[in-house]
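# Overview (structure and organization)
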Amino acid sequence: MAIESYSDNEDDAAAVRAKRRIAALEQEVEILRASNKQTDSNVHKGRVIRRLVSLFDGLDDLIAENDRREELLDSLDSPDQFVSTQESDRVINSFNELLRCLPWLKKKLSSEVDELDSILKDLRKGADSARGDDTANLKHAVVTWLTELFHPLDPPLHTTIKDDRGFVHNITGKLLCPVEYSWSLNSTKEKIRDRDPDFLVTAYSWPAFLYTDYTFDSSNIEKGLFRSALLLKAFKHLFTSPSSAKEVEGDGNGADAIMASQRRRTSESDAATRSHLRFSLSNVNSWRSVDGDFDYYVFYNNIVDFFEVAPGIDAQARIKELLKWWNRKVFGKTRAIPLTPAQHGRFSVSRMTSQRAVHEGGSP
């Protein structure tokens with residue numbers, strides 16, 4: 001009997017140890033699952049970066065510029081002594097937009113190096129994935145739009161390959177052609193295709209696809225700029241929904257979730273859309289920052305600077321009017337419009353609240 005009791009005790013002890021090991025393994029599995037969820041979450045959050053923060057600048061470059069600027073400011077006797085360049089201001093603006101889009105990242109910047117590197121790796125993965133998705137989606141969609149806008153396309157364009165686009169095709173060539181040149185002339189087409197030194201296609205010229213009806217006024221180059229139907233379709237496709245891109249003639253009805261069109265956010269998203277659209281019209285099959293003589297990074301920054309580096313009050317007013325046009329075209333007239341405190345104060349609810357407070361104070 002004693003031997004059987006001892007054996008039973010041993011079996012019970014073994015079972016308890018096995019249960020502890022199982023519990024420990026289950027805990028490890030839960031930790032791994034939580035880690036994977038966090039990774040997936042950071043990757044998803046990173047998708048906003050190439051759309052609203054910067055299409056090209058790396059996260060490490062944004063953080064490095066912020067660190068450099070803070071260290072320099074700390075070393076100066078007065079902030080007035082600080083001198084910056086337009087390029088560094090552009091980078092620090094992107095860093096500030098990064099923290100506005102991902103406010104939790106500010107605290108993480110002081111984390112251990114390994115933890116921060118892991119977070120940035122996930123964000124970069126999401127950012128690059130979003131850019132890849134956007135270029136792939138527009139690659140197909142732009143053929144449908146061109147067919148609608150320039151029917152019939154002769155010859156038709158393929159949706160799966162881009163070899164027949166760019167300056168090879170008459171329509172895409174017309175849209176990509178710098179406004180300084182006349183695409184209707186056969187001599188212009190030949191010289192552009194041959195990369196004649198006097199007919200180079202660079203980021204320092206506005207392409208025709210940016211303009212209303214794809215034409216411009218040489219005496220007023222800003223007139224009609226950034227108001228083309230093709231641009232509007234691309235923006236709505238990327239930032240509202242593919243189905244919303246079908247209608248661009250009237251006012252839009254985009255979701256209020258992306259209605260917040262602060263100056264920085266609008267300039268970045270507009271610049272990203274124009275860069276993606278230019279790439280979709282080209283005959284380059286894989287994403288690259290330089291296409292022949294055309295530098296997408298310079299093109300992107302020229303667009304951002306158009307919105308953010310206005311030379312004076314009149315230019316700022318025209319930009320404001322342009323953004324109002326975009327808001328109406330994308331979001332419609334029925335969208336919610338934020339009210340200022342002064343506007344709130346003029347309405348009856350606020351005025352009644354003030355009156356009630358006054359009457360309350362006058363009560364015995």
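To be clear, the structure that these remarks concern was listed above.
All values reported here derive from a predicted model rather than from experimental measurement.

Reading the values: rules and limits
- Each residue is numbered by its place in its chain's sequence as written, counting from 1.
- Confidence filtering applies because this is a predicted model: local features only for residues at pLDDT of at least 70, side-chain atom pairs given and counted only at 80 or more, and all residues used for totals across whole chains, interfaces and linings.
- No hydrogens and no water enter the side-chain calculation; it runs on all heavy atoms of the structure.
- Runs of H or I in DSSP of at least four residues are treated as helices and runs of E of at least two as strands, each being numbered from the N terminus.
- The buried label goes to any residue with under 20% of its type's maximum accessible area, the exposed label to any with over 50%, and the partly exposed label to all in between, with areas taken from a 1.4 Å probe on protein chains only.
- Residues are treated as being in contact if the distance between any of their heavy atoms lies within 4.5 Å.
- Using a 1.4 Å probe, accessible areas were evaluated by the Shrake-Rupley method; residue-level cover was limited to the displayed protein chains.
- What counts as an axis is a line fitted to C-alpha atoms, over the stretch in contact for a helix, and the angles between N-to-C directions run from 0 to 180 degrees.
- Relative orientations are named as follows: roughly parallel for angles under 35 degrees, roughly antiparallel for angles over 145 degrees, roughly perpendicular for angles from 65 to 115 degrees, and oblique for any other angle.
- Three classes are used: nonpolar for Ala, Val, Leu, Ile, Met, Phe, Trp, Tyr, Cys and Pro, charged for Asp, Glu, Lys and Arg, and polar for all others, with Gly counted as polar.
- Only buried Ala, Val, Leu, Ile, Met, Phe, Trp, Tyr and Cys residues count toward a nonpolar core, and they belong to the same one when joined by side-chain atoms within 4.5 Å.
- Surface patches are drawn from residues lacking salt bridges whose relative accessible area is over 30%; two like charges belong together within 9 Å, two nonpolar side chains (Val, Leu, Ile, Met, Phe, Trp, Tyr) within 5 Å.
- Any Lys or Arg side-chain nitrogen located within 4 Å of an Asp or Glu carboxyl oxygen qualifies as a salt bridge.
- Counting rule for charge: Lys and Arg are taken as positive, Asp and Glu as negative, and neither His nor the chain ends is counted.
- Throughout, a charge is located at the NZ atom of Lys, the CZ atom of Arg, the CG atom of Asp or the CD atom of Glu.

### A look at the overall build of the protein
When helices and strands are tallied, the protein shows 14 helices and 2 strands. In the protein, buried positions account for 40% of the 364 residues. For the protein, the proportion of contacts with a sequence separation of at least 24, taken over those separated by at least 6, is 65%. When the accessible surface of the protein is summed, it comes to about 21,200 Å², and 52% of that surface belongs to carbon and sulfur atoms.

### Topic: the packing of helix H3 (residues 59-75) against helix H4 (residues 86-101)
Geometry of a packed helix pair, given as the angle between the helix axes and the separation of the axes. Two elements in contact, H3 and H4, have axes whose closest approach is 9 Å; the angle formed by their N-to-C orientations is 105°. When the axis of H3 is compared with that of H4, the two are roughly perpendicular. In this structure, H3 uses Leu59, Asp61, Leu62, Ile63, Glu65, Asn66, Arg68 and Arg69 to contact H4, whose residues at the interface are Ser88, Asp89, Val91, Ile92, Ser94, Phe95 and Leu98. Its residues assigned to classes, the contact of H3 with H4 shows 7 nonpolar, 3 polar and 5 charged.

### Quick look at the nonpolar core
In a soluble, globular protein the nonpolar side chains are often hidden away together inside. Counting 63 residues, the largest nonpolar core has Leu146 and Phe226 as its most contacted members. Secondary structure elements with two or more residues in this core: helix H6 (113-149), helix H7 (170-176), helix H9 (229-239), helix H10 (263-281), helix H11 (296-308) and helix H12 (313-331). In this view, phenylalanine 226 contacts Trp206, Leu210, Leu231, Arg274, Ile303, Phe306, Phe307, Leu322, Trp325 and Trp326; residues no more than four positions away in its chain are not counted. Counting 17 residues, the second largest nonpolar core, distinct from the first, contains Ile63, Val91, Phe95 and Leu102.

### A look at a negative patch on the surface
On the surface, Asp67, Glu70, Glu71 and Asp74 cluster together to form a negatively charged patch. Counting through the fold element by element, aspartate 74 comes out in helix H3. In this structure aspartate 74 comes out as exposed when scored by relative accessible area, which is 69%.

### With respect to the pattern of salt bridges
Here the structure, examined in full by the defined rule, presents 16 salt bridges. As a salt-bridge pair, glutamate 97 and arginine 100 come within 2.8 Å of each other at their nearest N and O atoms. Of this pair, glutamate 97 and arginine 100 both sit in helix H4, 3 residues apart, roughly one helical turn. As a salt-bridge pair, glutamate 222 and arginine 318 come within 3.1 Å of each other at their nearest N and O atoms. One end of the pair, glutamate 222, is in the loop between helix H8 (186-193) and H9; the other, arginine 318, is in helix H12, and 96 residues separate them in sequence. Looking at glutamate 222, the relative accessible area reads 28%, which means it is partly exposed. Residue classification places arginine 318 among the partly exposed positions, given a relative accessible area of 42%.

Just geometry here; none of it tells us what the structure is for.
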